[in-house]
Amino acid sequence: NAGVMQNPRHLVRRRGQEARLRCSPMKGHSHVYWYRQLPEEGLKFMVYLQKENIIDESGMPKERFSAEFPKEGPSILRIQQVVRGDSAAYFCASSPRGDGSQTLYFGPGTRLTVT
Amino acid sequence: GESVGLHLPTLSVQEGDNSIINCAYSNSASDYFIWYKQESGKGPQFIIDIRSNMDKRQGQRVTVLLNKTVKHLSLQIAATQPGDSAVYFCAENAGGTSYGKLTFGQGTILTVHP
């Protein structure tokens, strides 16, 4: 049973470009979370999604950041007009369908570098 | 805002020793706590969890202790091995939600010397 998949693993963008990060949850999981980790810090909650619904986006910056989890396909975290401060590791996590579990299974992360 | 924090940012032990990693939390409404292990370049890996109606829970070589009186959480690793070297994070349920909105601590770097 494959774990949470994320791609790309590393992403380099110049200031002003767009970054798209993809996440495929574990099989049987329909709850997806995105967390951000700055260097030498703990993870910070960004957004919680279920299929086609954003449930809690209280940790998302108000501008430039958006997330979706369509009926088909992976969840996407999109960052428009990236700035150097967006450089971080972005982790996706999932939990089982209908569980509402607080136990999360994390993917390997996407390390975004903005030059 | 309220947060979870760790007392010791680094811990070095000899192989075979027991390790204890500590964590303080400030949100008295939190009712669920988790320990994660993160190896370099990887995502956090679930180790063990505990609910607020318990004060101790054991897994394989790991034990989590919860002291709600002083808002303290600890992770004990028995017979620590070099493969246990990693950053360990405690996390708590944030804001009393029933889903995985967690507040993570700063992290403790555990180094195990052969």
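See the structure above.
Cut-off values and rules
- Residues numbered from 1 in each chain as written.
- Chains lettered and ligands numbered in written order.
- Predicted model: local features only at pLDDT ≥ 70, side-chain atom pairs only at ≥ 80, totals over all residues.
- Heavy atoms only, no water.
- 1 Å grid on protein atoms, 1.4 Å probe; cavity = no way out; pocket = protein on both sides within 12 Å on 5 of 7 lines; lining within 4 Å.
- Points joined across faces, edges and corners; volume = space filled by probe spheres on them.
- Nonpolar A, V, L, I, M, F, W, Y, C, P; charged D, E, K, R; others polar.
- Helix = DSSP H or I, 4+ residues; strand = E, 2+ residues; numbered from the N terminus.
- Buried < 20%, exposed > 50% of the residue type's maximum accessible area, 1.4 Å probe, protein only.
- Polar contact = N/O pair within 3.5 Å; in protein donor to acceptor, adjacent residues only side chain to side chain.
- Contact = heavy atoms within 4.5 Å.
- Buried area = accessible area lost by both parts, 1.4 Å probe.
- Salt bridge = Lys/Arg side-chain N within 4 Å of Asp/Glu carboxyl O.

Q: Help me understand the layout of surface pockets, please; the structure alone is not making it clear to me.
A: Where empty space is left in the structure can be found by rolling a water-sized probe over the atoms. For the largest pocket, the calculated volume is near 460 Å³. Lining the largest pocket are 21 residues, and of these Gln37 and Glu40 of chain A together with Gln38, Val87 and Phe89 of chain B lie nearest its centre. In the lining of the largest pocket, the residues fall into eight nonpolar, eight polar and five charged. Taken as a whole, the second largest pocket encloses approximately 230 Å³ of empty space. What lines the second largest pocket is Lys37, Gln45, Phe46, Ile47, Gln60, Arg61, Val62, Leu75, Ile77, Asp84 and Tyr88 of chain B. Broken down by secondary-structure element, the contributors of at least two residues to the lining of the second largest pocket are strand S5 (45-51) and strand S8 (72-77) of chain B. A total of three residues in the lining of the second largest pocket trace back to one element, the largest contributor, which is S5 of chain B. The residue inventory of the lining of the second largest pocket, partitioned by class, reads six nonpolar, two polar and three charged.

Q: Where do I start with the side chain of Ser19 of chain B in this structure?
A: Residue and element names in this part refer to chain B. With respect to the helices, strands and loops of the structure, Ser19 is situated in strand S3 (residues 19-25). Look at Ser19 and you get buried, because its relative accessible area is 1%. A distance of 2.8 Å separates polar atoms of two side chains, one belonging to Ser19 and the other to Thr80. Filtering out sequence-adjacent residues up to four positions away, Ser19 remains in contact with Leu11, Val13, Leu75, Gln76, Ile77, Thr80 and Leu110.

Q: Sorry, what's going on with the interface of chain B and chain A here?
A: Many structure descriptions define interface size as the accessible area lost when the parts assemble. Facing the 23 residues of chain B at the interface are 21 residues of chain A. Per-residue buried area on chain B facing chain A is highest for Tyr99, Gly100 and Phe104 of chain B; these three make up 30% of the total on that side. Our count for the contact surface shared by chain B and chain A stands at one salt bridge. Close ionic contact of Asp56 of chain A with Lys101 of chain B constitutes a salt bridge, the shortest N to O distance being 3.3 Å. Connecting chain B to chain A are ten residue pairs in polar contact (both at pLDDT 80 or more). Of all the secondary structure elements, the ones that give two or more residues to the side of chain B that touches chain A are strand S4 (32-38), S5, strand S9 (86-93) and strand S10 (102-104) of chain B. Residues of the side of chain B that touches chain A, tallied by class, amount to nine nonpolar, nine polar and five charged.

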